[in-house]
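Spelled out, the chains give:
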Amino acid sequence: MGKGIVEESLCYEEETHLTVLKTSLFFAGDGFTVYDCKGELVFRVDSYGPDMRDKDEIVLMDGSGKCLLTVRRKRPSLHNRWEGFLGERTDGQKPIFSVRRSSIIGRSSVTVEVYGPQMEEYQIEGYFAHRCCTFYNSSRDPVAEIKRKVAASANVVLDKDVFLLCVKPGFDGAFAMGLVLVLDQINGDAYWAVDEELDAVDSTVGETISPSAIPT
């Protein structure tokens, strides 16, 4: 088991596929719920609606409601920089990592800097709006991936509101999910962007359906 950046108990011994459900952006109680392969709740983000977005601060909790991580937008910042804090952030608390776009022009990779004893730099490459990203460590080894989820029973690609977070052995699942929250914020309106080429690929797999069913 690896050393946790946020939560050591969530550094999985084997590659773990988490199902992430993103709720609507327009109603109270918006957020994320994250399930493991057994259907058990691993993470949740509640009240992720307009009020929370105005505060530029999002709290990641475990399944029982314990606060694991707070991500907060750093202002001012040309590169849309976000910072992560252990637990529920308090005034004067130092961040444990920061996230920023590698460029302010066009689509680019995202750089993650971890502070303290586990100082390391990660790169996130791909297109979160399309649910297709890979997280790399400083040695260019993939440590996590975001993928579209396919319902095996029907062989169909699920809506983009349901996707997979694949965490490699030894990598902190809570840290990975915290980065997902930041990517979602950095992309903003790009979440609704439609890529015709990607949709064409999706159509070869099967019909895209909505996430009304409980993930399995």
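Since this is a predicted model, take the numbers as computed values, not measurements.

### Some thoughts on the pattern of salt bridges
Point 1. Under the criterion given, the structure shown has 10 salt bridges.
Point 2. With its nearest N and O atoms 3.0 Å apart, the salt bridge here joins K22 to D184. Remark: D184 occurs in helix α2 (residues 173-187) and K22 occurs in strand β1 (residues 16-22); sequence separation between them is 162 residues. This pair shows no difference in class: K22 is buried, exactly as D184 is.
Point 3. With a shortest N-O distance of 3.5 Å, K168 and E145 are connected by a salt bridge. Of this pair, K168 sits in the loop between β14 (162-167) and α2 while E145 sits in strand β11 (residues 142-148); the two residues are 23 residues apart in sequence, bridging distant segments of the chain. Grouping residues by exposure puts K168 and E145 together as buried.
Point 4. Taken together, the salt bridges that share partners define one network made up of E15, E145, K147 and K168.

### Remarks on the confidence of the model for the protein
Point 1. Of all residues in the protein, 74% attain a pLDDT of 70 or more, and the chain-wide mean is 80.
Point 2. Under a pLDDT of 50 for its full length, residues 189-216 has, in the predicted model, 39 contacts with residues more than four places off or in other chains.

### Some points on the environment of K38
Point 1. Mapped onto the fold, K38 is located in the loop between β2 (32-35) and β3 (41-45).
Point 2. Along the primary structure K38 and L18 are separated by 20 residues, whereas in three dimensions their C-alpha atoms are 9.7 Å apart.

### Let's talk about the sheet that holds strand β8 (residues 110-114)
Point 1. The 12 strands lie next to each other as β1-β2-β3-β4-β5-β6-β7-β8-β9-β10-β11-β14, forming a closed barrel whose pairing is antiparallel. Strand-to-strand twist of the sheet, defined as the mean angle between neighbouring strand axes without regard to direction, takes the value 20 degrees.
Point 2. Two strands pair when backbone bridges link them, and strand β5 (residues 67-73) and strand β6 (residues 82-86) are joined in this way by five bridges, in the antiparallel orientation. Considered in β6, the bridge of R73 is made with W82.

### Some thoughts on the pairing of β6
Point 1. Judged by how many residues are buried, β6 sits mostly within the fold: four of five residues are covered.
Point 2. Taken together, the three bridges between β6 and strand β7 (residues 97-101) define a ladder with antiparallel strand orientation. Residue W82 lies in a different strand from β7, and its bridge partner there is V99.

### Comments concerning unusual backbone geometry
Point 1. One non-glycine residue, R131, lies in the positive phi region at around 60 degrees.
Point 2. By the secondary structure assignment, R131 is in the loop between β9 (120-127) and β10 (132-136).
Point 3. In the Ramachandran plot, R140 falls in the positive-phi region, its phi being about 65 degrees despite a non-glycine side chain.
Point 4. Relative to the assigned elements, R140 resides in the loop between β10 and β11.
Point 5. R140 gets classed as partly exposed once you look at its relative accessible area, which sits at 44%.

### Section: the nonpolar core
Point 1. Among the nonpolar cores identified, the biggest contains 45 residues, and F43, F97, F135, I146, L165, F175 and M177 are the most heavily contacted of them.
Point 2. It is α2 that contributes the most residues to this core, 10 residues altogether.
Point 3. Discounting chain neighbours no more than four positions away, the residues touching F175 are I5, V6, F97, V112, V114 and Y122.
Point 4. Among the nonpolar cores identified, the runner-up in size contains six residues, and L21, A151, L158 and V162 belong to it.

### As for the pairing of β11
Point 1. Most of β11 is tucked away, with five of its seven residues classed as buried.
Point 2. Sheet topology note: the β10/β11 ladder contains four bridges and is antiparallel. The residue of β11 that forms the bridge with C133 is I146.
Point 3. From the end of β10 to the start of β11, which pair antiparallel, there are five residues, and R140 there has a positive phi angle of about 65 degrees.
Point 4. Bridge count for β11 against β14 is five bridges, and the pairing is antiparallel. Across the sheet, the residue bridging to K147 is L164, located in β14.

Rules used in this analysis
Residues numbered from 1 in each chain as written. Predicted model: local features only at pLDDT ≥ 70, side-chain atom pairs only at ≥ 80, totals over all residues. Heavy atoms only, no water. Salt bridge = Lys/Arg side-chain N within 4 Å of Asp/Glu carboxyl O. Helix = DSSP H or I, 4+ residues; strand = E, 2+ residues; numbered from the N terminus. Buried < 20%, exposed > 50% of the residue type's maximum accessible area, 1.4 Å probe, protein only. pLDDT = per-residue confidence, 0-100. Contact = heavy atoms within 4.5 Å. Pairing = 2+ DSSP bridges. Axes fitted to C-alpha atoms, helices over the stretch in contact; angles between N-to-C directions. Core = buried A, V, L, I, M, F, W, Y, C linked by side-chain atoms within 4.5 Å.

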